[in-house]
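# Reading the structure
What follows is the residue order along each chain.
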Amino acid sequence: MSEKFILALDQGTTSSRTLLVDSKGIIRGTSQMEFKQIYPKAGWVEHDPEEIWSTQWMTITKVMEEADITFSQIAGIGITNQRETSVVWDKISGKAIGNAIVWQDKRTAPICEQLKSKGLEDYVRENTGLVIDSYFSATKIRWMLDEVDGAQARAENGELLFGTIDTWLIWKLTGGKSHVTDFTNASRTMLFNISTLEWDANLLGHLNIPPAMLPAVKPSSGFFGFFQSDEVQVPICGVAGDQQSALFGQACLEEGMVKNTYGTGCFMLMNTGSKKVLSKNGLITTLACSTGDQVQYALEGSVFVAGSAIQWLRDGLKILKSAADSERMAEEVAGSEDVFVVPAFAGLGAPYWDMYARGAIFGITRDTSGAHLAKATLESMAYQTRDVIEAMAEDSGIKVKSLKVDGGAVVNNYLMQFQADILNVPVERPVVVETTAMGAAYLAGIYLQWWDSRIIVADRKIDREFIPLMDAGRRQTLYHKWQDAVKRTRGWTTT
Ligand code: ADP
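Please read these numbers as outputs of a predicted model, since none were measured by experiment.

## Section: the sheet that holds strand 23 (residues 462-466)
What the seven strands build is an open sheet, ordered 17-18-16-15-21-22-23; its pairing is mixed. The open sheet terminates on both sides in strands that have one partner only, identified here as strand 17 (284-288) and strand 23. Averaged over all pairs of adjacent strands, the angle between their axes in this sheet comes to 30°, without regard to strand direction. Pairing analysis gives four bridges linking strand 22 (residues 427-430) to strand 23, with the strands arranged antiparallel. When the bridges of strand 23 are listed, V427 appears paired with F466. Relative to strand 16 (residues 266-273), helix 9 (residues 242-249) is tilted by about 65°, and along the sheet it contacts strand 15 (258-262), strand 16, strand 17, strand 18 (296-303) and strand 21 (403-406).

## Overview of the site of the ligand
The local shell around the ligand holds 15 residues, among which G263, T264, G307, G408 and N412 are the closest. Between the ligand and T264 there is a distance of 2.6 Å, counted from an oxygen atom to a side-chain nitrogen or oxygen. In this structure, S308 approaches the ligand through a main-chain N or O atom, which is 3.5 Å from an oxygen atom. Bound to the protein, the ligand loses 67% of the 580 Å² it would expose on its own. It is helix 10 (residues 307-316) that provides the largest number of residues to the shell around the ligand, a total of four residues. Split by residue class, the shell around the ligand holds six nonpolar, nine polar and no charged.

Rules behind the numbers
Residues numbered from 1 in each chain as written. Predicted model: local features only at pLDDT ≥ 70, side-chain atom pairs only at ≥ 80, totals over all residues. Heavy atoms only, no water. Pairing = 2+ DSSP bridges. Helix = DSSP H or I, 4+ residues; strand = E, 2+ residues; numbered from the N terminus. Axes fitted to C-alpha atoms, helices over the stretch in contact; angles between N-to-C directions. Contact = heavy atoms within 4.5 Å. Near = heavy atom within 4 Å. Polar contact = N/O pair within 3.5 Å; in protein donor to acceptor, adjacent residues only side chain to side chain. Areas by Shrake-Rupley, 256 points an atom, 1.4 Å probe, with all protein chains shown as cover. Nonpolar A, V, L, I, M, F, W, Y, C, P; charged D, E, K, R; others polar.

Worth remembering: the numbers are spatial, not functional.
Dropping the structure here:
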């Protein structure tokens, strides 16, 4: 019999990718295509839904061509996707009524203000786990129904459908037969009640969104529909939003396990098991991947500027030739005078949520060099991570025992060692850093009964564990200085 594979689709903010995964969980092929970012106005970010689909489809065919296989060898499809980005389309023609509004898009801030003025903040937090923000899908749907001619009436007539990117891809893959999403994606819409696991009628009423537009919601590992090729039917059987998929791919399957992704920003998630923990410290509560009907919850905190501060050193200040240079430069001046960089370029995210903070550099002297700035900028990622972990520990009452890491910046050994030192917990870097796409592959493989969750844990090989080496006194002094530096950046501007 010919060998079988899983296709893991990873539809991200800047590119569509497909991984071919074999029955041992080994990645046997990858293909990636970037697509256009559309910026019609300041603060607006759009994607063309047809281009999202066409690039995704091209990566599927390319990866299969290269491996010389047909759909008869694909046992199942897993999908992970950029979260919150919203598409509305016509049920009959399948045509989108406009571009997808991307998670970063700020155009719906005024709609969020209206919801706040109705006194809905506590309700939204308690029932969706989120803060009212333009980031989430709800107000993006409202905007499309308001701004596209006749859209509200068509939606009320049952002619229009809404979906996050997973839903859109599944609709395309199934030829319009399945209009579905999973719990993790639904929990990012600001319309899903994470306690009752149903769309929240009260919020739909406040936003005047017809319930008929919304997809059916399923556990992340389950049956979402068939892709029909010329020869065979292939089940789509694993779906999760990117950060939850990474949490799963990192085998953070038990309460208290935490992963941090170091990319442009940092995204940290803690599995809180069956407990829905509501944050008092600026974190959000979200649904983690579920493989059965029993859902799991997670706490999430995002840092806006992490790896992008390294890009600023490279492209803005031109102190670095490449991001990788930052490691060598930091090592050169390790142990010398401490400079602090607070990269609050666009305010501060969790746990501060201060949009008026601005970036600053502290402790510079005549001897301060570019290398000191590189070191301090790397260290700012670690300090910001500690800020979020402290908030998670306080909210959940769980002491973090280790941190599992992924994302582009984790190749930096200086950063990883400093992270372990400043947290005083070991930092685990896995061999396979494709944790996001592998999360979707695992979810599909569990449905297919190829694997169970123990295999995910066993498969996760550690490349390197960074053990804390810093003495407690120095750790405390540095972290206090960091907190002091952050304090001095707060409320810097008024706009
Ligand atoms: P994203 O998915 O958000 O685009 P990636 O996970 O691809 O991000 O990571 C890219 C980020 O990591 C960039 O912001 C880059 O500056 C940073 N980065 C890449 N390599 C290094 C390195 N060796 N040291 C520090 N930062 C790095």
